[in-house]
Amino acid sequence: MGKLYTIDEASPADQVYQHLRRLLIEGYYPPGARLVEERLAHDLGVSRTPVRQALVRAAAEGLVQIFPNRGAVARSFTIDDLLEMYDLRALLEGHAAYQAARRLTPEQIAQMEAAAAALEESLTYTFERREDEVHFLVEQNARFHNTIAIAAGNRRLVEMLNQIVAVPLQFRSFYWYRTEERRISNFFHRSILNALRLGDGDRARAMMREHIFYGRDVLLQHQRAEQSVSASCEE
């Protein structure tokens, strides 16, 4: 649920981190890949010191796992990981929506409206790269969901969601989304937003949970299909 793009005013260390983060999110370093500092330094065109710092930050965000005597590895996700993460996410984001219904400000409603509209209008956009399109979708989706989490007024809830929501999974989900699946996701955003405008916490919570579980089901369908193809190729 963090930022997706390098900020021009960012420090050199931040720029290295944002570059590494994007490569991890886009799968340039696939799940399970060893992240050797020397190779990363060569790929990023920097010394090993900012790479080491970037890996620590990536580990804190859940993009990387660091093991004693093995070094850093791009985080991978099993089917059980996905089920557990999305169950928790549905519970926490559903509660956030319920709490936010009583707390949202007009400015926050406007932010959500802008994000929902951007996601809808993007169906007519043309992007140079599929990756650029997916980054745009993930960014606007995060803008929508982050606003609700912040409006809930529970700092610990926000911290827990930051640990649970895996940006690489979101990137992969939107990469796989077809037009119809994007329209369904947009429908959920509108339904959640309408419930919040009315102050209907129960409906906002219910729609949020349905939205999260729908995204989970799309991701699981493609994840299982990928695993089936990989298994067939190994036979």
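The structure we're discussing is the one just above.
Everything quoted here is computed from the prediction, not taken from an experiment.

Engineer: What is the right way to read the sheet that holds strand β2 (residues 64–67) from this model?
Structural biologist: Sheets are built from strands paired through backbone hydrogen bonds, the pairs being either parallel or antiparallel. Pairing in this open sheet of three strands is antiparallel, and the strands run β1-β3-β2 from one edge to the other. The sheet terminates laterally at β1 (34–35) and β2, the two strands that pair on one side only. The sheet contact formed by β2 and strand β3 (residues 71–74) spans four bridges and is antiparallel. Along β3, the bridge assignment pairs Ile 66 with Ala 72.

Engineer: In this structure, what is going on with the side chain of Gln 140? I would like to understand it.
Structural biologist: Tracing the backbone through its elements, the reader meets Gln 140 in helix α6 (residues 130–151). Leaving out residues up to four positions away in the same chain, Gln 140 has contacts with Ala 115, Ala 118 and Leu 119.

Engineer: How do you make sense of the nonpolar core when you look at a structure like this?
Structural biologist: In globular proteins that are soluble, nonpolar side chains generally tend to be buried together. Grouped together as the largest cluster of nonpolar side chains are 52 residues, with contacts concentrated most on Leu 104, Met 112, Phe 144, Ile 148, Leu 169, Ile 192 and Leu 196. Of all the secondary structure elements, the ones that give two or more residues to this core are α4 (79–100), α5 (106–121), α6, α7 (155–164), α8 (167–176), α9 (179–197) and α10 (201–234). A per-element tally of this core places α4 first, with nine residues. Counting residues in each nonpolar core, the second largest holds 18 residues, with Val 16, Leu 40, Leu 44 and Ala 58 among its members.

Engineer: Sorry if this is basic, but what is going on with the environment of Asn 69 here?
Structural biologist: Its place among the elements puts Asn 69 in the loop between β2 and β3. Taking relative accessible area as the criterion, Asn 69 reaches 84% and is therefore assigned exposed. It is 25 Å that separates the C-alpha atoms of Asn 69 and Gly 45, two residues lying 24 residues apart in sequence.

Engineer: What should I look at first to understand the pairing of β3 in this one?
Structural biologist: Residues in a regular strand point their side chains to alternate faces of the sheet. As judged from the two bridges shared by β1 and β3, these two strands associate in the antiparallel manner. Directly across from Leu 35, in β3, lies its bridge partner Ala 72.

Engineer: What should I look at first to understand the packing of aromatic side chains in this one?
Structural biologist: Each pair of aromatic rings is reported with the distance of its centres and the angle of its planes. Tallied over the entire structure, the rule returns eight aromatic pairs. Here Phe 188 and Tyr 214 contribute two aromatic rings whose centre-to-centre distance is 6.0 Å and whose plane-to-plane angle is 45 degrees, an arrangement assigned as tilted. Taken as a pair, Phe 188 in helix α9 and Tyr 214 in helix α10 lie far apart in primary sequence, 26 residues in all. By the burial criterion, Phe 188 is buried, and Tyr 214 matches it. Sitting above the plane of the Phe 67 ring, Arg 70 keeps its charged end 4.5 Å from the centroid. Looking at Arg 205, its charged tip hangs above the ring of Tyr 98, at a distance of 4.4 Å from the centre.

Engineer: Is there a simple way to think about the pattern of salt bridges in this case?
Structural biologist: A side chain of one charge can pair with a side chain of the opposite charge if their charged atoms are brought near each other. Per the stated rule, a full pass over the model turns up 21 salt bridges. For Glu 61, the salt bridge identified is with Arg 21, shortest N-O distance 2.5 Å. Here Glu 61, found in the loop between α3 (48–60) and β2, pairs with Arg 21, found in helix α1 (residues 12–25); they are 40 residues apart in sequence, far enough to count as distant. When the shortest N-O distance is used, the salt bridge between Arg 129 and Asp 132 registers 3.1 Å. Residue classification places Arg 129 among the partly exposed positions, given a relative accessible area of 35%. What emerges from the salt-bridge pattern is a single network uniting Arg 22, Glu 26, Arg 129, Glu 131 and Asp 132.

Engineer: When you look at the environment of Asp 87 in this model, what are you seeing that I'm missing?
Structural biologist: The residue Asp 87 is located in helix α4 in this model. Given a relative accessible area of 42%, Asp 87 falls into the partly exposed group. The sequence separation of Asp 87 and Thr 147 amounts to 60 residues, and the corresponding C-alpha distance is 21 Å. Those residues in contact with Asp 87 that lie beyond four places of it in its chain are Phe 213 and Arg 216.

About the cut-offs
Residues numbered from 1 in each chain as written. Predicted model: local features only at pLDDT ≥ 70, side-chain atom pairs only at ≥ 80, totals over all residues. Heavy atoms only, no water. Pairing = 2+ DSSP bridges. Helix = DSSP H or I, 4+ residues; strand = E, 2+ residues; numbered from the N terminus. Contact = heavy atoms within 4.5 Å. Core = buried A, V, L, I, M, F, W, Y, C linked by side-chain atoms within 4.5 Å. Buried < 20%, exposed > 50% of the residue type's maximum accessible area, 1.4 Å probe, protein only. Phe/Tyr/Trp six-rings, centres within 6.5 Å; stacked < 30°, edge-to-face > 60°. Lys NZ or Arg CZ within 6 Å of the ring centre and 35° of its normal. Salt bridge = Lys/Arg side-chain N within 4 Å of Asp/Glu carboxyl O.

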